[in-house]
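Residue-level structural notes
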Amino acid sequence: MPAKPSPRATLASRVRAWLPILVVGAVLAVAGVVAIPLGGWDTVQLQSAVIPEQSVGDTFVGNRLAISIDDLYLTDDFPDDYTETKPGESFLVVVATLEGLTAEPESPISIGPPSPFTIDGLMNLDERPGYGDLTVFLKRDGTFEPVLSPGVPDTLLFVFTVRSGQFAQGDVLRIGLTDATPEKADIIDGTRWVDEHVAVEVSTTVRDDR
Amino acid sequence: MKRGLAIVAGLGLLAATYAVAATTPTSQLVEAPFGSRGSLGDTVSSQHLIATVHEASLAHEVELGSWRGTTAGVWFVADATVEATLESKLIEVDLFIDGVQYGGTKRGDGGTVDEHTVAVRFPATGPLLIELPADVVNFPGARSAVLRISPFGDDRLDSVVEIVIDLTTLEVADRVELEPARDGSR
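Report on the accompanying structure. (Residues numbered from 1 in each chain as written. Chains lettered and ligands numbered in written order. Predicted model: local features only at pLDDT ≥ 70, side-chain atom pairs only at ≥ 80, totals over all residues.)

Of the regular secondary structure elements, chain B holds two helices and twelve strands. Tracing chain B from N to C terminus, the helices and strands come up as α-α-β-β-β-β-β-β-β-β-β-β-β-β. Over its C-alpha trace chain B gives a radius of gyration of 21 Å, far above what one expects of a compact globule, namely 16 Å for 186 residues. C-alpha extents for chain B along the principal axes are approximately 80 × 40 × 25 Å. Counting over 186 residues, chain B shows a buried share of 38%. Put simply, 74% of the contacts in chain B that link residues at least 6 apart link residues at least 24 apart. (Helix = DSSP H or I, 4+ residues; strand = E, 2+ residues; numbered from the N terminus. Rg over C-alpha atoms; globule rule 2.2 N^0.38 Å. Buried ≥ 20, exposed ≤ 12 C-beta atoms within 10 Å, placed from the backbone. Contact = placed C-beta atoms within 7 Å.)

Structure below.
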């Protein structure tokens, strides 16, 4: 018959069992006390929330598109050569090279997937430009609202109608390149996109081409 | 003995579950259209369309009417005659290579057959243009690409024309001049 453990031995084994939790608790308590004179944890920027940056012309490869921002300029000449600016309006043109990476043709701006990029005040993940506020052209031949064949990169002009004076030469805009995760859609035939987010940012300086 | 039998049976059922999960047809397969298949030069009929793809080639640049089509890839160029069987149809063309869908271009100023409505007994003849990656002939599926000609829209469980084409045997031109699609046969 084994010997009955002494009360002292039982206490030690219980402490050993709880040791990891006690250590974690102690670390948290110390971290909390240390953080108070530093302004608290609210002032700490999580590294996971930092959006990486890339340069103009560099390509970001997402799940739906590979995209690079090539240029950003103000103009009064619409790419179709006959649409004229209205008084008080101008056009801000984002020149970007895109390549479809999925197994089907991709429209750069369509209802389901996220917009390929965001610009504060013009196009966000949850706020698309209104009808007439954004027009997309293929740079090489001016095709309106082009569709990208998989694996065939091409340069597009995203033409935003903006107020005169809303942007000026030298303004630095942060363009967010977006990404999302594809899932098989339940109701429609095709893909639905979830976890839409800005994956990379590009700081781009506005040129005045007027 | 009983425990051993239970373990073996359990593992067997688990394996069977994986086998069923792995072999269950995808909705893409279950809902695939019914393709009437043929080759270049064949006249192929589906429920809605009668189509003949007379010839095909690849080109780096095309001229179609006043439109000059350049590309970072390469153009699949075909000459086809299509008519409807039951009622007028707007048609759609897609080329499938290794399960990837490449759609007919809409850049050709309305000069391609798939931008026309085809009518019963009134065929339309002219070019089909599809933009493909520059190195497409090196793709594993390039020898068995499938050109699908179907009524415009959702073709799941529908009847379509499919032409099987070996892209590696096609002539590659620097530039081709094409006539816009017209009414009538070739």
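Let's shift gears to the sheet that holds strand 8 (residues 191-205) of chain A. All names here are of chain A. Here we have three strands laid out as an open sheet, ordered 4-7-8, and antiparallel in their pairing. Taken across any chain shown, the strands that pair with only one partner, and hence form the sheet edges, are strand 4 (117-119) and strand 8. This sheet shows a mean twist of 25 degrees between the axes of neighbouring strands, independent of strand direction. Pairing of strand 7 (residues 172-184) with strand 8 involves twelve bridges; the strand directions are antiparallel. Residue pairing across strands places threonine 178 opposite valine 198, the latter belonging to strand 8. (Pairing = 2+ DSSP bridges. Axes fitted to C-alpha atoms, helices over the stretch in contact; angles between N-to-C directions.)

Attention now moves to the interface of chain B and chain A. At the interface, 16 residues of chain B touch 14 residues of chain A. Going through the elements one at a time, strand 4 (67-84), strand 6 (100-103) and strand 8 (124-132) of chain B are the ones with two or more residues in the side of chain B that touches chain A. For the side of chain B that touches chain A, the residue count by class is five nonpolar, six polar and five charged. (Nonpolar A, V, L, I, M, F, W, Y, C, P; charged D, E, K, R; others polar.)

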